[in-house]
Protein chains: 2
Amino acid sequence: MKFLVDQQVQDIEMPENLKLNTFLQEFHSDCPHPQCKFGFYGFAFGQSPFPVPKIVQDSLARNSDKGAYAPVPGIPELRSAISKYNRHYFRMDVDPKRIYVGPGTKELIFNLLEILHGTVILPTPAWLGYLPQIRFLKKNYHMLPTRANKKISPNDLKKLALRLQDRQKILILNNPHNPTGLLYNRLELEEITDVCRDQDITVISDEIYAQTTYDFSKFVSMGKIYPEGTFVTNGLSKSHAAGGYRLGYVIFPQHVSDLKGQFKKILATEYTAVSTPIQHAAISGFEISKEIDQYFEVTRNIHHIMGEYTYHALSAIDGIKATRPEATFYLLADFNSFAPDLQKADILTSQKLSESLIIHPYHTAIVGGDNLVLERTDFSARIAYVDYDGAKVYQNYLDCKPKSNGESAEFVKNNAPKIVDGIKMIGNFFEHLRRESIPYVQAKTE
Amino acid sequence: MKFLVDQQVQDIEMPENLKLNTFLQEFHSDCPHPQCKFGFYGFAFGQSPFPVPKIVQDSLARNSDKGAYAPVPGIPELRSAISKYNRHYFRMDVDPKRIYVGPGTKELIFNLLEILHGTVILPTPAWLGYLPQIRFLKKNYHMLPTRANKKISPNDLKKLALRLQDRQKILILNNPHNPTGLLYNRLELEEITDVCRDQDITVISDEIYAQTTYDFSKFVSMGKIYPEGTFVTNGLSKSHAAGGYRLGYVIFPQHVSDLKGQFKKILATEYTAVSTPIQHAAISGFEISKEIDQYFEVTRNIHHIMGEYTYHALSAIDGIKATRPEATFYLLADFNSFAPDLQKADILTSQKLSESLIIHPYHTAIVGGDNLVLERTDFSARIAYVDYDGAKVYQNYLDCKPKSNGESAEFVKNNAPKIVDGIKMIGNFFEHLRRESIPYVQAKTE
């Protein structure tokens with residue numbers, strides 16, 4: 001039997017994580033060096049390497065008997081804990097009634113895009129998750145390319161908004177930012193807010209990496225600066241290394257009531273509620289406690305150490321530029337100065353560059369530019385620095401915190417040798433590319 | 001700030017469970033007898049009252065450390081367990097590659113409706129969950145009202161299909177059936193299949209109540225009869241009393257490949273995957289074991305006892321007709337013979353009937369006809385017979401199984417007094433309605 005599929009389903013592309021997984025699987029059987037047992041230097045996966053906090057694990061174990069359906073917006077104890085969490089960490093007063101819990105911020109952002117009328121403004125580079133959602137929902141959208149500093153220019157935002165006919169416009173703000181690791185400061189958020197107020201722009205502020213901000217005092221939520229027009233999303237995935245738990249939340253703008261009813265209807269129509277045991281477990285993750293506070297501090301410090309190392313090591317390679325991350329576990333590496341050499345080697349797209357980097361002997365997995373909503377010919381890539389044993393490194397950090405730059409570099413070498421060696425491999429690749437018209441890559445790309 | 005909401009969001013109605021919850025909450029503050037401490041005779045909620053099987057709870061507790069994202073279609077061990085489960089219980093050979101796991105069958109059905117082009121055929125009465133999904137997705141649809149036996153007539157299905165222009169048509173089959181509790185036998189499924197083959201109708205067969213079939217040998221999956229054209233959905237919610245866990249699965253038709261890729265893309269775009277600890281826990285629920293087998297047997301026997309009692313007790317009330325359930329924990333009660341009396345009391349819709357039954361002194365919560373996709377003036381209602389302490393009743397059943405009809409009736413009286421008294425209240429309501437022009441209802445409806 002032949003089945004007909006709706007057109008908008010066929011039109012969207014597979015999100016990056018899926019494409020990459022498939023590619024890595026396929027590559028293994030293709031490798032021209034079958035004796036090669038080495039896997040990958042994993043700079044591609046956007047997943048925190050640490051264990052879920054013990055206090056959250058224990059809470060899930062204690063609540064495994066909770067088999068009943070939960071209320072659509074989330075169980076009251078969880079919404080109350082999230083409210084207190086926002087006050088404590090983000091200095092925001094949020095009535096629990098403004099908080100809706102969902103199975104991950106990905107789905108909550110999808111649900112927001114489902115209900116909100118209007119044209120979407122997507123600054124680039126961007127996490128690839130947004131675009132398939134926008135396309136699948138057949139929403140009007142416009143890219144807003146950033147300039148050299150990789151941040152939204154309020155002026156460019158204003159110019160774009162003036163061109164758009166739609167009464168309602170939706171800006172997707174991602175702060176801290178994936179893939180650049182950059183953070184918007186208060187002044188920058190205020191300037192964006194001025195344009196939004198002026199041009200009637202609604203903001204979805206994806207703040208899933210908020211808790212990873214290295215100097216945490218610097219993080220400011222858009223929900224504080226533009227409370228009447230911002231939907232803030234956050235969750236367990238990155239801060240609590242629990243992407244697999246599938247729990248996120250959205251904070252609705254102030255003084256909105258009918259909209260929450262519409263949203264509730266959509267959640268009830270599509271998925272009822274988040275897994276009840278997971279909701280109970282999440283309470284321990286959002287409640288203020290010494291354990292959780294220490295967990296945030298340790299994990300963000302380790303991300304900081306790895307990020308600084310990666311930034312400096314990549315920047316030390318002649319021709320590579322990189323953003324200097326202030327949060328997350330990513331940075332954006334710019335290989336465009338190699339464009340002439342890449343083109344000579346018949347590497348014309350960032351996808352081809354990713355494929356060339358993955359093969360023997362480089363074995364380096366990165367997320368290429370077209371997966372970051374950049375031009376296909378933009379040789380930029382997201383570099384995630386999480387390829388180490390999180391449980392072990394967490395303990396090593398507790399046992400002996402590095403106290404200087406030298407100790408930090410030593411810490412990386414001892415604890416994350418694959419990051420160190422992987423960056424060398426990227427260096428080798430571009431050196432070969434320039435010097436020897438890259439025999440290995442040609443073997444693959446013939 | 002004012003937000004604009006897309007039209008199709010405003011157009012859909014709140015699903016029954018939500019509407020009812022809100023209604024019950026509101027009613028409490030409205031009750032003209034504030035000294036009344038009694039809650040409700042709960043015939044409205046579609047939730048199994050039993051605890052989640054211990055073996056599944058333990059498995060969730062053991063797997064609380066699984067914080068990593070799971071593969072989009074589900075973890076391989078779970079898909080393999082579901083495959084074996086289908087062979088053991090439903091005598092179906094299903095390659096694990098045909099199985100996709102999702103956060104509840106509700107969302108999986110929504111996802112199927114998202115990707116499948118075509119007109120939906122919805123037999124009525126129906127579970128209310130389908131209709132908001134169909135409307136929200138702006139799909140063409142046609143009702144297929146059933147006749148006196150409350151089952152799909154193959155002839156009517158054929159006539160409707162011949163009228164539809166769409167190349168692809170999607171029949172939503174719900175077997176065993178919510179709200180009637182009826183079961184389709186093999187012959188009936190074969191007759192429906194003949195029409196489907198002839199008219200190119202794709203079937204989504206929602207078999208979430210399969211495991212509750214009282215005489216389990218009688219259950220036949222549509223996936224066995226029409227394997228090339230049926231998507232079978234099932235999950236943990238009803239069989240394992242774990243609606244709150246949020247885990248379901250869909251079995252794709254035989255010999256379908258591209259479609260699975262399209263489906264995977266949609267899941268990755270919307271929600272990535274089901275909660276990883278929940279997936280690990282579910283393995284124990286689908287693996288063949290003595291514990292699970294006993295759990296299914298005990299729970300379906302208790303549902304059977306409660307169902308028979310409810311059917312006989314309601315049917316004994318003059319003027320009430322009821323379906324005799326062969327599965328699920330529901331039956332459909334037909335109060336239409338009271339229509340003249342109801343109209344005299346200004347009760348013109350099934351919604352109004354539900355409201356009248358809930359007030360003092362009746363306090364009886366039912367799901368009225370318009371929530372079952374029937375005409376608003378159809379005085380039918382779904383009666384769920386689960387208002388008892390599932391853990392206690394499970395143990396009492398093990399301690400002393402009723403061996404005769406008399407013992408079964410005694411078992412219900414001892415273990416589910418609210419069911420017994422609630423049915424009496426329904427009887428009282430209609431008696432008052434006829435005899436005394438129902439003073440209590442008038443007090444409320446003035």
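So, how was this worked out
Residues numbered from 1 in each chain as written. Chains lettered and ligands numbered in written order. Predicted model: local features only at pLDDT ≥ 70, side-chain atom pairs only at ≥ 80, totals over all residues. Domains from an automatic or database assignment. Contact = placed C-beta atoms within 7 Å. Helix = DSSP H or I, 4+ residues; strand = E, 2+ residues; numbered from the N terminus. Buried ≥ 20, exposed ≤ 12 C-beta atoms within 10 Å, placed from the backbone. Least-squares fit on C-alpha atoms with pLDDT ≥ 70 in both. Pairing = 2+ DSSP bridges. Axes fitted to C-alpha atoms, helices over the stretch in contact; angles between N-to-C directions. Right-handed = clockwise from strand over helix to strand, strands pointing away. Parallel < 35°, antiparallel > 145°, perpendicular 65-115°, else oblique. Left-handed = near helix turned anticlockwise from the far one by under 90°. Nonpolar A, V, L, I, M, F, W, Y, C, P; charged D, E, K, R; others polar. Arc of directions from axis to C-beta. pLDDT = per-residue confidence, 0-100. Core = buried A, V, L, I, M, F, W, Y, C linked by C-beta atoms within 7 Å.

What exactly am I supposed to notice about the domain arrangement of chain A here?
The figure often quoted for interface size is the accessible area lost as the parts come together. Residue and element names in this part refer to chain A. Domain parsing of chain A yields domain 1 (7-46 + 292-445) and domain 2 (65-287). Using C-alpha coordinates to define each centre, domain 1 is positioned 27 Å away from domain 2. Contact residues are listed per partner, giving 28 residues for domain 1 and 28 residues for domain 2. Secondary structure elements with two or more residues in the side of domain 1 that touches domain 2: helix H1 (7-11), helix H12 (290-315), strand E10 (330-334) and strand E13 (380-384).

Help me out: how do you make sense of helix H5 (residues 105-115) of chain B in this one?
For the α-helix, the turn length of 3.6 residues means that residues three or four positions removed from each other point alike. Counted residue by residue, H5 of chain B has 10 buried out of 11 residues, so it is predominantly covered. Considered for burial, the residues of H5 of chain B that qualify are Thr105, Lys106, Glu107, Leu108, Ile109, Phe110, Asn111, Leu112, Leu113 and Glu114 of chain B.

Honestly, the relation of the copies chain A and chain B in this entry has me stumped. Any pointers?
The relation between the two chain copies is a rotation about an axis coupled with a shift along that axis. Laying chain A over chain B is done by rotating through 180° and shifting 0.0 Å along the axis; what remains is an RMSD of 0.0 Å. Such a combination of rotation and displacement between the chain copies is what one expects of a two-fold axis. Minimal C-alpha distance to the rotation axis in chain A is attained by Ala61 of chain A, lying at 1.9 Å. The share of interface residues of chain A whose copies in chain B are also at the interface is 98%, consistent with both copies meeting through the same surface.

What should I look at first to understand the sheet that holds strand E10 (residues 330-334) of chain B in this one?
Each strand in a sheet pairs with its neighbour through backbone hydrogen bonds, running either in the same direction (parallel) or in the opposite one (antiparallel). Residue and element names in this part refer to chain B. Strand order in the open sheet made by the four strands is E9-E10-E13-E12, with antiparallel pairing throughout. Only two strands of the sheet have a single neighbouring strand rather than two, namely strand E9 (321-322) and strand E12 (367-368). Two strands pair when backbone bridges link them, and E10 and strand E13 (residues 380-384) are joined in this way by five bridges, in the antiparallel orientation. Bridge pairing links Leu331 to Ile383 in E13. Each of E9, E10 and E13 is contacted by helix H12 (residues 290-315), which is oriented at about 5° to E10, the strand it contacts most.

I keep staring at the pairing of strand E4 (residues 141-145) of chain B and nothing clicks. Help me out?
In the case of a regular strand, side chains alternate between the two sheet surfaces. Residues and elements named next belong to chain B. Sheet topology note: the strand E3 (residues 119-124)/E4 ladder contains five bridges and is parallel. Bridge pairing in E4 links Ile121 to His142. In this region the chain leaves E3, passes through helix H6 (residues 130-136) and returns to the parallel neighbour E4; the handedness of that crossover is right-handed.

So what exactly am I meant to see when it comes to the packing of helix H3 (residues 54-62) of chain A against helix H11 (residues 276-286) of chain A here?
Packed helices, taken two at a time, are described by their axes: the angle between them and the distance between them. Residue and element names in this part refer to chain A. Running from N to C, H3 and H11 point in directions that differ by 150°, and their axes come no closer than 8 Å. On the basis of their axis angle, the class for H3 and H11 is roughly antiparallel. The hand of the H3/H11 crossing is right-handed. Mapping the contact onto sequence places Ile55, Val56, Ser59 and Leu60 in H3 and Pro277, Ile278, His280, Ala281, Ile283, Ser284 and Gly285 in H11. In terms of residue class, the contact of H3 with H11 is built from seven nonpolar, four polar and no charged.

Hey, could you run me through helix H16 (residues 405-415) of chain A in this one?
Residues and elements named next belong to chain A. Turning to H16, its buried residues number three or more, namely Phe411, Val412 and Asn415. One side of H16 carries all its buried residues, which in axial view fall inside an arc of 95°. Residues of H16 that are exposed and angled more than 90 degrees away from the buried face: Gly406 and Glu410.

Hey, could you run me through the interface of chain A and chain B in this one?
Chain A puts 65 residues into the contact, and the matching count from chain B is 64 residues. Sorting the residues of the side of chain A that touches chain B by element identifies H1, H3, helix H5 (105-115), helix H6 (130-136), helix H10 (258-270) and H11 of chain A as the ones contributing at least two each. The dominant element in the side of chain A that touches chain B, judged by the number of residues it contributes, is H10 of chain A, at seven residues. In the side of chain A that touches chain B, the residues fall into 35 nonpolar, 19 polar and 11 charged.

I tried to follow the sheet that holds strand E9 (residues 321-322) of chain A on my own but got confused; where do I start?
Residue and element names in this part refer to chain A. Ordered in space as E9-E10-E13-E12, the four strands form an open sheet in which the pairing is antiparallel. Each edge of the open sheet carries a strand with a single partner, namely E9 and strand E12 (367-368). Pairing of E9 with E10, which is carried by two bridges, proceeds in the antiparallel orientation. Across the sheet, the residue bridging to Ala322 is Ala333, located in E10.

Help me understand the confidence of the model for chain A in this model?
Interpretation of the predicted coordinates at a detailed level should be avoided for regions scoring low in pLDDT. Residue and element names in this part refer to chain A. Averaged over chain A, the pLDDT score is 92; the fraction of residues at 70 or greater is 93%. In the predicted structure, residues 438-446 sits below a pLDDT of 50 and forms 15 contacts with residues beyond four places in sequence or in another chain. At the level of chain-chain contacts, confidence expressed as ipTM amounts to 0.94, with global pTM at 0.94.

Sorry if this is basic, but what is going on with the nonpolar core here?
Counting residues in hydrophobic clusters, the biggest one holds 132 residues, and the most contacted among them are Val203, Val250, Met306, Ala333, Ile383 and Ala384 of chain B. Lining this core are residues from two domains, each supplying at least three of them: domain 1 (7-46 + 292-445) and domain 2 (56-287) of chain B. Not counting residues up to four positions away in its chain, the partners in contact with Met306 of chain B are Phe329, Tyr385, Val412, Ala416 and Ile419 of chain B. Formed by 131 residues, the second largest nonpolar core is a distinct cluster that contains Leu108, Ile109, Val250 and Val386 of chain A.

How should the environment of Ser239 of chain B be read in this particular structure?
Within the secondary structure, Ser239 of chain B sits in the loop between strand E7 (230-235) and strand E8 (248-251). The contact partners of Ser239 of chain B, leaving out residues within four places of it in the chain, are Gln211, Thr212 and Phe296 of chain B.

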